[in-house]
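Each chain, letter by letter, is given below.
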Amino acid sequence: MVSLEFLITCFVVVLIPGTGVLYTVASGLMMGSRASLMAAMGCTVGIVPAMLASVMGLAIVMHTSALAFQFVKYAGVAYLLFLAWQMWRSSSALSFDESQSEDNQKSLWRIAVRGCLVNILNPKLTIFFLAFLPQFVPASVANPGLNMLLLGAIFMVMTFVVFLAYGLLATSIRHLVIHSEKKMDWMQKIFAGSFAALGLKLALTERQ
């Protein structure tokens, strides 16, 4: 049985803008609705390793091992800075053409993969699941691991729905900036700076 408290907590956690939301919004604003869909899907799939690690107890290693935590953390920092650099230096993402099917499909899958990596390379997500999911597993449940998987799956579905809503909202105002090269350039720089700031924030994060 899934408690109402768990659902409300999940919704609040997912609703708070973070790296995944920023990535999905940037994709929707710059590349349209299908891009926001793939970004939301990629970010959601990126939750799977953290969820499985929590269920299998591997998250404890991340929580207790400074080396493991630092390795994943700095890989995540490097990736966020890479995204910031890519967005800052190149306007190729802004020339996304929905009419070019083959290139379009490659671009969409690239967006999904990048979204997936955003969450996989975030060590805080693994530790979050370790601390979060067990709180909502009833003591009387016969199979705690299976129950945690169910809770994790619900969290993922909620993540996808909320992220997609953010992306589609960004897509709905895309017309306000897409026809202005100057506005798009500024928007690109803002997102690049935001990814760099998130990378710096992650670099300063310590194990709890």
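Looking up the chain in an unreviewed UniProt entry gives the name Threonine/homoserine/homoserine lactone efflux protein, with the organism given as Enterovibrio norvegicus DSM 15893. Taken from UniProt, the Subcellular location (unreviewed entry) comment for the chain reads in full: "Cell membrane". Taken verbatim from the UniProt record of the chain, the Sequence similarities (unreviewed entry) comment is "Belongs to the Rht family."

Visitor: Before we move on, could you go through the environment of Phe-136 and cite the residues and values that matter?
Guide: Take Phe-136: it is sitting in the loop between helix H8 (123-132) and helix H9 (144-172). Judged by its relative accessible area of 14%, Phe-136 is buried. Phe-136 sits 133 residues away from Ser-3 along the chain, and the two C-alpha atoms are 7.7 Å apart. The residues contacting Phe-136, other than those within four sequence positions of it, are Ser-3, Glu-5, Phe-6, Thr-9, Asn-147 and Leu-151.

Visitor: Can you explain the packing of aromatic side chains? Please cite residues and give values.
Guide: Centre distance and the angle of the planes are the two values used to describe a pair of aromatic rings. In this structure the tally under the stated criterion is 6 aromatic pairs. Where Phe-6 meets Phe-136, the ring centres are 5.2 Å apart and the plane angle is 65°; that geometry is what we call edge-to-face. Highlighted residues: Phe-6 in helix H1 (residues 4-15) and Phe-136 in the loop between H8 and H9, separated in sequence by 130 residues. Look at Phe-129 and Phe-155: their rings are 5.2 Å apart centre to centre, the planes differ by 75°, and that puts the pair in the edge-to-face class. Taken as a pair, Phe-129 in helix H8 and Phe-155 in helix H9 lie far apart in primary sequence, 26 residues in all. Its relative accessible area of 4% is what places Phe-155 among the buried residues.

Visitor: Lay out H1 with the relevant residues and their values.
Guide: Taking 1.5 Å as the rise per residue, H1 with 12 residues should run 16 Å; its terminal C-alpha atoms sit 16 Å apart, in good agreement. On its buried face, H1 sits against helix H2 (19-31), H8 and H9.

Visitor: How would you sum up a nonpolar patch on the surface? Please name residues and give values.
Guide: A cluster of nonpolar residues, Leu-4, Leu-7, Ile-8, Phe-11, Val-12, Leu-15 and Ile-16, forms a patch on the protein surface that exposes about 630 Å² of accessible area. As for its position among the elements, Leu-4 is in helix H1.

Visitor: How would you explain the packing of H2 against H9 if you had to name every residue and give the values?
Guide: Between H2 and H9, the shortest axis-to-axis distance is 7 Å and the interhelical angle comes to 35°. The element H2 and its partner H9 pack so that their crossing is right-handed. Counted together, Gly-20, Val-21, Thr-24, Val-25, Gly-28 and Leu-29 of H2 and Phe-163, Tyr-166, Gly-167, Ala-170 and Thr-171 of H9 form the full contact between these two elements. Of the residues contributing to the contact of H2 with H9, the split by class is 6 nonpolar, 5 polar and no charged.

About the criteria used
Residues numbered from 1 in each chain as written. Predicted model: local features only at pLDDT ≥ 70, side-chain atom pairs only at ≥ 80, totals over all residues. Heavy atoms only, no water. UniProt positions renumbered as here; feature names shortened; annotations may be inferred. Helix = DSSP H or I, 4+ residues; strand = E, 2+ residues; numbered from the N terminus. Buried < 20%, exposed > 50% of the residue type's maximum accessible area, 1.4 Å probe, protein only. Contact = heavy atoms within 4.5 Å. Phe/Tyr/Trp six-rings, centres within 6.5 Å; stacked < 30°, edge-to-face > 60°. Expected span 1.5 Å × (residues − 1). Patch = residues over 30% accessible without salt bridge, like charges linked within 9 Å, V, L, I, M, F, W, Y side chains within 5 Å. Areas by Shrake-Rupley, 256 points an atom, 1.4 Å probe, with all protein chains shown as cover. Salt bridge = Lys/Arg side-chain N within 4 Å of Asp/Glu carboxyl O. Axes fitted to C-alpha atoms, helices over the stretch in contact; angles between N-to-C directions. Left-handed = near helix turned anticlockwise from the far one by under 90°. Nonpolar A, V, L, I, M, F, W, Y, C, P; charged D, E, K, R; others polar.

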